[in-house]
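So the chains spell out like this:
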Amino acid sequence: MIYLKSPNEIAIMKRNGAILKKCFETIGEILEAGVKKKEIDDEVERIIAGEKAQPAFKGFHGYPAATCISVNEEVVHGIPNGRVFEEGDICGIDIGVFKDGYYADAARTFAIGRISQVKQKLLDVTMMSLEKGIEQVKPGNRLSDISHAVESWVRKNGFSVVKTLVGHGIGQRMHEEPQVPNFGPPGQGPELQEGLVIAIEPMVNTGKSDVYTLADGWTVVTADHSDSAHFEDTVAVTANGPEILTR
Ligand code: MG
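Note that this is a predicted model, so its numbers are computed, not measured.

## Quick notes on the coordination of the magnesium ion
Reference values for coordination geometry: four tetrahedral donors around a metal ideally subtend 109.5 degrees, six octahedral donors ideally subtend 90 or 180 degrees.
Logical step 1: Every protein donor of the magnesium ion is accounted for by Asp-105 (OD), His-168 (NE2), Glu-201 (OE) and Glu-232 (OE), and the metal-donor separations fall at 2.2 to 2.4 Å.
Logical step 2: Written as a sequence motif, the donor residues of the magnesium ion are D-x62-H-x32-E-x30-E. Taken together, the residues span a long stretch of sequence, with Asp-105 in strand β5 (residues 102-111) and His-168 in strand β7 (residues 167-169) at a distance of 63 residues.
Logical step 3: By relative accessible area, which is 2% here, Asp-105 ends up buried.

Structural data, given as structure tokens:
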């Protein structure tokens, strides 16, 4: 069941998206070599509490923190612990908020100091693959037009998309239908209708596509230990095309 949102519901989600934007702006100011994962998570939790919102991930299926922080070969769902960021790391941070009955979800991958050329290319390609997906968000297109645009850009640039984890509809639940894969042929799946709100979230590896979950039950890493990046925005379908709610 796909729940289309009214303009009023989308406005609430956009206010929640603005909280995420604030979190990422602050992270950009404080994230550097020597800082611990947990310190970033604590700061995000303070910001979200200050906005009288709730960190959506905390307690979700028992998840222990407000953020997921995934470094280098970690793809997603890295747990904020005492790990210290080092010069040359890349660091994916995923945050969800809940307020006034609705969720918003977004992720950014940051560079710690100077990073390698291949890591920089990975960030650029992953960020642009999200843009390519968002460009397809308009009434009349099919869902898999987004998927195809993301994968095409990534493959063209010599990297691979993760296939076992996908984007999702979002609204009064964090994960709603439809699933939004980052791969596949165009022209399939439901037609995009005004009021559909989805989280588009390419996860891109410099090596092969395969991933597995560590013994902590959460952290997803690349099977070949290549580097991985993740960007995500919550996007609404409007008559005029995509409205990004988390920037
Ligand atoms: Mg998500």
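## Digging into the environment of Pro-7
Logical step 1: Within the element layout of this structure, Pro-7 appears in helix α1 (residues 7-30).
Logical step 2: Remark: the alpha-carbon pair of Pro-7 and Ala-66, spanning 59 residues in sequence, is separated by 28 Å.

## Some details on the sheet that holds strand β12 (residues 220-222)
Logical step 1: Pairing within the open sheet is antiparallel, and its three strands lie in the order β3-β12-β11. Across the chains shown, the open sheet's two edge strands, defined by having one partner strand only, are β3 (74-76) and β11 (211-213). Averaged over all pairs of adjacent strands, the angle between their axes in this sheet comes to 40°, without regard to strand direction.
Logical step 2: With two bridges joining them, β3 and β12 adopt antiparallel strand pairing. Note on β12: the bridge partner recorded for Val-76 is Val-220.

## Examining the nonpolar core
Logical step 1: By size, the foremost hydrophobic cluster in this structure holds 23 residues, and its most contacted members are Ile-27, Leu-31, Phe-85, Ile-93 and Ile-95.
Logical step 2: Among the elements of the structure, α1, α2 (37-50), β2 (67-71), β4 (90-99) and β5 are those that each provide at least two residues to this core.
Logical step 3: Of all the elements, α1 adds the most residues to this core, at five residues.
Logical step 4: Not counting the four nearest positions on each side in its chain, Ile-95 is found in contact with Leu-20, Cys-23, Phe-24, Ile-27, Val-44, Ile-48, Phe-57, Ala-66, Thr-67, Ala-104, Asp-105 and Ala-106.

## Re unusual backbone geometry
Logical step 1: A cis amide bond links Glu-177 to the next residue, Pro-178, at an omega of 0°.
Logical step 2: Considering the arrangement of structural elements, one finds Pro-178 in strand β8 (residues 176-180).
Logical step 3: Unusually for a residue other than glycine, His-77 sits at a positive phi of about 65°.
Logical step 4: Looking at the element boundaries, His-77 is found in the loop between β3 and β4.

## Here we look at the sheet that holds strand β15 (residues 241-244)
Logical step 1: Taken together, the five strands give an open sheet; going across it, the order is β8-β7-β9-β14-β15, and neighbouring strands pair in antiparallel fashion. Each edge of the sheet is formed by a strand with only one pairing partner; in this case those strands are β8 and β15. Across this sheet, the average inter-strand angle for adjacent strands is 30°, counted without regard to direction.
Logical step 2: When strand β9 (residues 197-200) meets strand β14 (residues 233-238), the two strands line up antiparallel, connected through four bridges. Bridging across to β14, Ala-199 finds its partner in Thr-234.
Logical step 3: Running over the sheet, α1 touches β9, β14 and β15 and is turned about 45° from β15.

## So, the side chain of Asn-16
Logical step 1: Inspection of the secondary structure puts Asn-16 in helix α1.
Logical step 2: Of the polar contacts made by the side chain of Asn-16, one reaches the backbone oxygen of Tyr-102; its length is 2.9 Å.
Logical step 3: With residues up to four places along the chain from it excluded, the contact list for Asn-16 reads Val-97, Lys-99, Tyr-102, Tyr-103 and Ala-104.

## Some thoughts on the pattern of salt bridges
Side chains that differ in sign of charge can pair as their charged atoms come close.
Logical step 1: Scanning the entire structure with this criterion turns up 15 salt bridges.
Logical step 2: Across the salt bridge formed by Lys-21 and Glu-25, the nearest N and O atoms sit 4.0 Å from each other. Placement of both Lys-21 and Glu-25 in helix α1 is noted, with a separation of four residues, approximately one turn of the helix.
Logical step 3: Glu-43 serves as the salt-bridge partner of Arg-46, at 2.7 Å between the closest nitrogen and oxygen. Here Arg-46 and its partner Glu-43 are both found in helix α2, three residues apart, which amounts to about one turn of the helix.
Logical step 4: By relative accessible area, Arg-46 is classed as exposed at 53%.

## Some remarks on α2
For an α-helix, the turn length of 3.6 residues means that residues three or four places apart are oriented alike.
Logical step 1: Taking 1.5 Å of rise per residue, 14 residues should cover 20 Å, and α2 covers 20 Å from first to last C-alpha, within 8% of that figure.
Logical step 2: For α2, the set of buried residues is Lys-37, Ile-40, Asp-41, Val-44, Ile-47 and Ile-48. Here the buried residues of α2 occupy an arc of 125° about the axis, which is enough to place them on one side. Those residues of α2 that are exposed and aimed more than 90 degrees away from the buried face are Arg-46, Ala-49 and Gly-50.
Logical step 3: Structurally, α2 contributes buried residues whose contacts are with α1, β1 (54-55), β2, β3 and β4.
Logical step 4: Phi turns positive, to about 55°, at Lys-52, one or two residues after α2.

Calculation notes
Residues numbered from 1 in each chain as written. Predicted model: local features only at pLDDT ≥ 70, side-chain atom pairs only at ≥ 80, totals over all residues. Heavy atoms only, no water. Donors = N, O, S within 2.8 Å, 3.2 Å for Na, K, Ca; no water. Helix = DSSP H or I, 4+ residues; strand = E, 2+ residues; numbered from the N terminus. Buried < 20%, exposed > 50% of the residue type's maximum accessible area, 1.4 Å probe, protein only. Pairing = 2+ DSSP bridges. Axes fitted to C-alpha atoms, helices over the stretch in contact; angles between N-to-C directions. Core = buried A, V, L, I, M, F, W, Y, C linked by side-chain atoms within 4.5 Å. Contact = heavy atoms within 4.5 Å. Polar contact = N/O pair within 3.5 Å; in protein donor to acceptor, adjacent residues only side chain to side chain. Salt bridge = Lys/Arg side-chain N within 4 Å of Asp/Glu carboxyl O. Expected span 1.5 Å × (residues − 1). Arc of directions from axis to C-beta.

Scope: geometric values only; no functional claims are made or implied.
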